[in-house]
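Each chain, written out:
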Amino acid sequence: MKKELTWPERIQNYVKETGFPENIFMGEDDRVVGTWIMGNDYRVKSSYYGGYPPTYLRRIKALFPDKSNALHIFSGKVDLNIFPGDTVDIKSELNPTYVDDAQSLESVPLENYDLVLADPPYSVEDCEHYGTTMIKRNKVMRALQRLNSGSHIVWLDQVLPMYRKDQFTVEATIGMWKSTNHRFRGITIFRKL
Ligand SMILES: C[S@@+](CC[C@H](N)C(=O)[O-])C[C@H]1O[C@@H](n2cnc3c(N)ncnc32)[C@H](O)[C@@H]1O
């Protein structure tokens with residue numbers, strides 16, 4: 001297992017590997033805060049509705065060089081060339097590693113993964129694009145309690161999901177602006193206790 005990085009080391013690696021300005025910082029409360037402005041390149045390479053904005057995966061990858069096994073939940077058409085890992089989606093036609101409901105993750109051996117990237121649908125209206133029903137975020141967080149201690153979850157959403165404070169701690173909150181006429185989103189990074 002690789003040695004776990006500290007947050008100052010993660011931020012240093014982010015700046016070094018992406019070349020983006022240092023725009024996330026250690027707060028005095030020991031939490032990382034910041035804002036990413038993704039710029040006006042709003043093309044999603046896969047053209048999948050709700051796909052990660054360009055550079056998102058590269059930024060997250062640079063924050064976690066110490067992780068060896070990533071799991072993408074609500075994976076859609078995530079670009080695995082940029083961020084290799086296994087995938088979970090409820091839609092079998094997307095050919096994920098696991099066709100499963102993220103609210104239970106019954107078929108997923110969560111103990112094998114040290115990093116989870118979650119990109120849930122934000123609303124009922126968004127779900128209509130996927131032909132799925134709206135999720136209960138707290139159920140997903142409950143399913144993720146099976147992760148090993150020290151694993152991280154990177155959750156991109158418009159809502160902070162309900163979670164148990166004796167199971168997870170929030171280590172970072174990053175605001176994300178995409179471009180004009182796009183919704184503002186937030187990235188919450190949890191660590192499993
Ligand atoms: C915002 S999209 C993810 C897009 C992805 N980040 C990308 O870059 O392509 C949300 C995905 O969640 C999936 N989904 C919806 N409900 C789900 C559930 N209960 N369990 C697992 N996946 C679900 C949808 O099929 C859709 O692919």
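In the block above lies the structure referred to throughout.
A short tour of the structure in this document, coming up. Bear in mind the structure is a predicted one, so any value in this text is a computation, not a measurement.

Under the counting rule described, the total for this entry stands at eight aromatic pairs. Taking the centre distance of 5.4 Å and the plane angle of 5° together, the rings of Y14 and W36 count as stacked. Placement of Y14 in helix 1 (residues 7–18) and of W36 in strand 2 (residues 32–37) is noted, with a sequence separation of 22 residues between them. You can call Y14 buried: its relative accessible area is 0%. Among the residues examined, W36 registers a relative accessible area of 0% and is labelled buried. A centroid spacing of 5.0 Å and a plane angle of 70° characterise the contact between Y163 and F190, whose relative ring orientation is edge-to-face.

The strand order 1-2-8-9-7-6-3-4-5 describes an open sheet built from nine strands, whose pairing is mixed. Among the strands making up the open sheet, the edge pair consists of strand 1 (24–26) and strand 5 (98–99). Relative to strand 6 (residues 115–118), strand 3 (residues 70–73) is paired through four bridges, and the arrangement is parallel. Within strand 6, the residue paired with A70 across the bridge is L115. The strands touched by helix 1 are strand 1, strand 2, strand 7 (152–157), strand 8 (168–177) and strand 9 (185–192); relative to strand 1, the strand with the most contacts, the crossing angle is about 160°. Relative to the sheet, helix 2 (residues 56–63) contacts strand 1, strand 2, strand 3, strand 6, strand 7, strand 8 and strand 9, its axis offset from that of strand 2 by approximately 155°.

This next bit is on the site of the ligand. Close to the ligand lie 22 residues; Y48, K77, D89, A102 and D119 are nearest. Between the ligand and D89, the relevant distance is 2.7 Å, taken from an oxygen atom to a side-chain nitrogen or oxygen of the residue. Separating a nitrogen atom of the ligand from a backbone N or O atom of A102 is a distance of 2.9 Å. Protein burial of the ligand: of its 610 Å² of free accessible surface, 98% is covered by the chains. The class makeup of the residues in the shell around the ligand is 10 nonpolar, six polar and six charged.

Working note: regular strand, side chains alternate between the two faces of the sheet. Relative to strand 4 (residues 86–89), strand 3 runs parallel, the two sharing three bridges. Bridge assignment links I73 to a residue of strand 4, and that residue is V88. Where strand 4 meets strand 5, two bridges bridge the pair, whose relative direction is parallel. Paired with V88 across the bridge in strand 5 is Y98.

Moving on, we come to the side chain of T188. Its location among the elements puts T188 in strand 9. Ignoring sequence-local partners within four residues, the contact set of T188 consists of I153, V154, W155, L160, V170, A172 and T173.

Note that F25 resides in strand 1. You can call F25 partly exposed: its relative accessible area is 42%. For the pair F25 and I187, spaced 162 residues apart in sequence, the C-alpha separation works out to 14 Å.

Let us look at the side chain of D119. As for its position among the elements, D119 is in the loop between strand 6 and helix 3 (124–130). No salt bridge is formed by the buried D119, whose closest oppositely charged neighbour, R185, lies at an N-O distance of 4.8 Å. Apart from residues no more than four positions distant in its own chain, D119 is found in contact with G50, Y52, I73, F74 and L156.

About the criteria used
- Every chain's residues receive numbers from 1 upward, in the order its sequence appears when written.
- Selection of residues for local features in this predicted model requires a pLDDT of at least 70, selection of side-chain atom pairs for listing and counting requires 80 or more, and totals for whole chains, interfaces and linings are taken over all residues.
- For the side-chain quantities, the full set of heavy atoms in the structure was used; hydrogens and water were omitted.
- For this analysis, a ring pair means two rings from Phe, Tyr or Trp (six-membered ring only for Trp) whose centres lie within 6.5 Å, classed as stacked if their planes differ by under 30 degrees, edge-to-face if by over 60, and tilted for the remaining angles.
- Only runs of H or I of at least four residues qualify as helices and only runs of E of at least two qualify as strands under DSSP, and these elements are numbered from the N terminus.
- For every residue, the accessible area obtained with a 1.4 Å probe (protein chains only) is divided by the maximum for its type, and the residue is called buried under 20%, exposed over 50%, and partly exposed between those limits.
- Two strands are counted as paired when DSSP detects at least two bridges linking them.
- The contact criterion used is simple: two residues touch if any of their non-hydrogen atoms lie within 4.5 Å.
- For every element, the axis is a line fit to its C-alpha atoms; helices are fit only across the contacting stretch, and the angle between N-to-C directions ranges from 0 to 180 degrees.
- Consider each residue's heavy atoms; a residue with any of them within 4 Å of a molecule or strand counts as near.
- Polar contacts, as used here, are pairs of N or O atoms within 3.5 Å; protein pairs need one atom able to donate a hydrogen and one able to accept it. Residues neighboring in sequence count only if both atoms are side-chain atoms.
- Computed with a 1.4 Å probe, the accessible areas rest on the Shrake-Rupley method; for each residue, only the protein chains presented here act as cover.
- Three classes are used: nonpolar for Ala, Val, Leu, Ile, Met, Phe, Trp, Tyr, Cys and Pro, charged for Asp, Glu, Lys and Arg, and polar for all others, with Gly counted as polar.
- Positive charges are assigned to Lys and Arg, negative charges to Asp and Glu, while His and the chain termini are left out of the count.
- Throughout this description, the term salt bridge denotes a Lys or Arg side-chain nitrogen within 4 Å of a carboxyl oxygen of Asp or Glu.

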